[in-house]
Amino acid sequence: MSTGRDPGLQPERTRLAWRRTLLTLTVATVLAVRLASSAGGPAGALIAGGTVLVWGALLVLCWPRGTGTGPARTGGRTLPVVTAGTVVLALLGVLLVLRGLW
């Protein structure tokens, strides 16, 4: 009887889930930047810049998990950080809608 652990396809499913997360964040960022830039003005530029900054930070956090090239850089806190970043992106989107920047 073997005492080794057989993870099966679990690592691949995990990588695919992180890739889907990255893709979703990228699409949301592109749409938010498009909405913000179509309105113009300093408020739109600030919202677009903030969105890109949040996306870049989340990309740095998620990339190692999505590609399988290394462990998370946050010591096991990747999921809460990604959740907080997603909430920030959602709030920026709500701000876009409320300000009428489309």
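If you're wondering where the values come from, they're calculated on a predicted model, not measured in any experiment.

Visitor: Help me understand the overall build of the protein, please; the structure alone is not making it clear to me.
Guide: When you go through the protein residue by residue, the secondary structure sums to 3 helices and 0 strands. The order of helices and strands in the protein, counted from the N terminus, is α-α-α. Out of the 102 residues in the protein, the part that is buried amounts to 25%. Considering only contacts in the protein between residues 6 or more positions apart, those separated by 24 or more positions represent 71%. In the structure as shown, the protein presents an accessible area of about 6800 Å², 68% of it carried by carbon and sulfur atoms.

Visitor: Any chance you could explain helix H2 (residues 41-67) here in plain terms?
Guide: One turn of the α-helix equals 3.6 residues, which is why residues spaced by three or four share an orientation. When the terminal C-alpha atoms of H2 are compared, their 37 Å separation across 27 residues agrees well with the 39 Å that a helix rising 1.5 Å per residue should span. The principal kink in H2, of about 35 degrees, is found at Leu 61, preceding the proline Pro 64 by one to four residues. Three or more residues of H2 are buried, namely Gly 44, Ile 47, Ala 48, Thr 51, Val 54, Leu 58, Leu 61, Cys 62, Pro 64 and Gly 66. Gly 68 lies just past H2 and shows a positive phi near 75 degrees.

Visitor: Just checking my understanding: could you explain the nonpolar core for this structure?
Guide: Side chains of nonpolar character tend, in soluble globular proteins, to be buried together. With 9 residues, the main nonpolar core is built from Trp 18, Leu 22, Leu 25, Val 54, Leu 58, Leu 61, Cys 62, Val 82 and Leu 89. Elements that contribute at least two residues to this core include exactly helix H1 (10-39), H2 and helix H3 (78-99). Here this core gets 4 residues from one element, more than from any other, and that element is H2. Sequence-distant contacts of Leu 89, defined by excluding residues within four places in its chain, comprise Leu 25, Thr 29, Thr 51, Val 54 and Leu 58. Judged by nonpolar contacts, the second largest core, of 6 residues, contains Ala 32, Ala 36, Ile 47 and Leu 96.

Visitor: Please clarify how the environment of Thr 51 should be interpreted in this entry.
Guide: Residue position: Thr 51 is located in helix H2. Judged by relative accessible area, Thr 51 falls into the buried class, the value being 1%. Residues Thr 51 and Leu 92, spaced 41 residues apart in sequence, show a C-alpha to C-alpha distance of 7.2 Å. Setting aside residues up to four positions removed in sequence, Thr 51 forms contacts with Thr 29, Ala 32, Leu 89 and Leu 92. Here the side chain of Thr 51 touches Ile 47 through a polar contact of 2.8 Å, landing on its backbone oxygen.

Visitor: Sorry if this is basic, but what is going on with the environment of Val 30 here?
Guide: By the element assignment, Val 30 lies in helix H1. For Val 30, a relative accessible area of 53% puts it in the exposed group. Once the C-alpha coordinates of Val 30 and Ala 48 are considered, the two residues, 18 residues apart in sequence, prove to be 9.2 Å apart.

Thresholds, definitions, all that
- Residues numbered from 1 in each chain as written.
- Predicted model: local features only at pLDDT ≥ 70, side-chain atom pairs only at ≥ 80, totals over all residues.
- Heavy atoms only, no water.
- Helix = DSSP H or I, 4+ residues; strand = E, 2+ residues; numbered from the N terminus.
- Buried < 20%, exposed > 50% of the residue type's maximum accessible area, 1.4 Å probe, protein only.
- Contact = heavy atoms within 4.5 Å.
- Areas by Shrake-Rupley, 256 points an atom, 1.4 Å probe, with all protein chains shown as cover.
- Expected span 1.5 Å × (residues − 1).
- Bend = angle between axes of the 7 residues up to and from the residue.
- Core = buried A, V, L, I, M, F, W, Y, C linked by side-chain atoms within 4.5 Å.
- Polar contact = N/O pair within 3.5 Å; in protein donor to acceptor, adjacent residues only side chain to side chain.

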